[in-house]
Amino acid sequence: MPVQRAGKATHQETRAHNEQLVLGTIYAAGQISRAEVARQTGLTRTTVSDVVNGLLRERLVLEIGRGPSTGGKAPILLEVANDARHLIGLDLGDKVFRGAIVDLRGSIVRSVEVAVDDRDGDDALDRVFGLVDQLVAATDRPLLGIGIGTAGLIDTPRGTVLEAVNLDWRDVPIGPLLAERTGLPVYVVNDSQATALAEHVFGGARTPNLVVVKVGYGIGAGVILDGRLFHGDGFGAGEIGHSTIRPDGELCRCGRRGCLETVASSRAILDRLAALSPGRITGLGAAIAAFRAGDVVVRTVVGEAARELGLGVAWLVGALNVRRVVLVGSVAGFGPGWLEEVAGAMRGGALPLLTNETTVEIGRLHDDGVILGASALLMTGELGLSLAGLPDLAAAMELAG
Ligand SMILES: [Zn+2]
């Protein structure tokens, strides 16, 4: 995130600020006249005209014809050109790294996947570089920047992964490294926090408070309070995956025992199934199919994992009194049967007055949440938009479910 400097703004800074303000206003409005931009921003008409001319030259904004007249000559309407810039969104949150080229309205133009294959450390970082190089080469539009959602504890202002247990990353300055490699601004956020941003902005009903729990290979939550992402004092708000739920439980990759991830993640479910019926269920897809077909062993194992997760959710609901909980990630693929177990355990795990009005649902953004959330963060940072200023794109994107 740009660092604020004290002192008088230079001419150039004022110009950049005005440009962001005008662009953000046009973006949020959809279609708007110059006069209306001036009214909403408080800038003079001359300044707005000047800035708009620059934006037209950069092809960031288009004139799309005349609007309804309010007496005099009908004003020309302006609109942001959605594909004037592309941005790159990365999802480094699970077993597969995903990258996408996204346009200014959050539509995914193209996406690429690369298997992580249990690689970690520098090997995993090299895969990220390869993915970014591939995406940079795949677009002919100017790039606005790179937004990354990644597992682990992230120092967002410094763009640094403080610790990602599953990737064996400690103090990896992935933001500065990619900025140096590409010359682009890079924004880094925890993957669950990215999903929370995406569900808040793009996921339908916009509620001021929201908890999104991402359950895949790892587990983490993102917390939106009063319409803003809540980072916590050390950027770790919602990092519940390594909170202990069974003190004498299985050894976790973090070195401790009985973390929530050791009982409720995809890995925990598959390990348990492998122990109970060796060689029968080989992957999450097969487990989901067997669960839906009513396989007794799978139902039992998944039900248990769901109830442990529900207890974790109950703690969040007790701590925050948030009434909307959204579950995302590959494990949410088990669907309604799994969801009911999570919700039931959540209701039984905290004061009824807190849980009675709390809804637990499965997210609507499917696999795109992390990429869209990281993109939203990048757009708010680079285009000077507020989260509330980003339009709800759920309808435009024709999201299923
Ligand atoms: Zn752990």
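Residues numbered from 1 in each chain as written. Predicted model: local features only at pLDDT ≥ 70, side-chain atom pairs only at ≥ 80, totals over all residues. Heavy atoms only, no water.

**Q** A description of helix α9 (residues 284–292) should follow, citing residues and the corresponding values.
**A** Regarding α9, the residues found buried are Leu 284, Ala 287, Ile 288, Ala 290 and Phe 291. All buried residues of α9 fall inside an arc of 165° around its axis, so they share one side. Those residues of α9 that are exposed and aimed more than 90 degrees away from the buried face are Gly 285 and Arg 292. (Buried < 20%, exposed > 50% of the residue type's maximum accessible area, 1.4 Å probe, protein only. Helix = DSSP H or I, 4+ residues; strand = E, 2+ residues; numbered from the N terminus. Arc of directions from axis to C-beta.)

**Q** Explain the side chain of Lys 214 residue by residue, including any values.
**A** Looking at the secondary structure, you find Lys 214 in strand β12 (residues 210–215). Residue class for Lys 214 comes out buried when judged on its relative accessible area of 9%. For Lys 214, the side chain forms a polar contact with the side chain of Asp 191, separated by 2.9 Å. Filtering out sequence-adjacent residues up to four positions away, Lys 214 remains in contact with Gly 93, Asp 94, Asp 191, Ser 192, Thr 195, Ile 219, Gly 220, Val 328, Gly 329 and Val 370. (Polar contact = N/O pair within 3.5 Å; in protein donor to acceptor, adjacent residues only side chain to side chain. Contact = heavy atoms within 4.5 Å.)

**Q** Lay out the coordination of the zinc ion with the relevant residues and their values.
**A** Coordination of the zinc ion by the protein is provided by His 242 (ND1), Cys 252 (SG), Cys 254 (SG) and Cys 259 (SG), with metal-donor distances spanning 2.0 to 2.3 Å. Note that the zinc ion binds 4 donor atoms; their angles at the metal cover 103 to 122°, and the shape is tetrahedral. The sequence pattern describing where the donors of the zinc ion fall on their chain is H-x9-C-x1-C-x4-C. (Donors = N, O, S within 2.8 Å, 3.2 Å for Na, K, Ca; no water. Tetrahedral: all angles 85-135°; square planar, octahedral: opposite > 155°, others 65-115°.)

**Q** Describe the environment of Val 161, with residues and values.
**A** Looking at where Val 161 falls in the secondary structure, it is placed in strand β9 (residues 160–164). As a C-alpha pair, Val 161 and Asp 171 span 10 residues in sequence and 5.4 Å in three-dimensional space.

**Q** Give me the lowdown on the sheet that holds strand β1 (residues 32–33), citing residues and values where you can.
**A** Spatially, the 3 strands line up as an open sheet ordered β1-β3-β2, and their pairing is antiparallel. Two strands in the sheet have a free side with no partner beyond their single neighbour: β1 and β2 (61–66). Sheet topology note: the β2/strand β3 (residues 76–80) ladder contains 4 bridges and is antiparallel. Bridged to Arg 66 within β3 is Ile 76. (Pairing = 2+ DSSP bridges.)

Any link to function would need more than the numbers given here.
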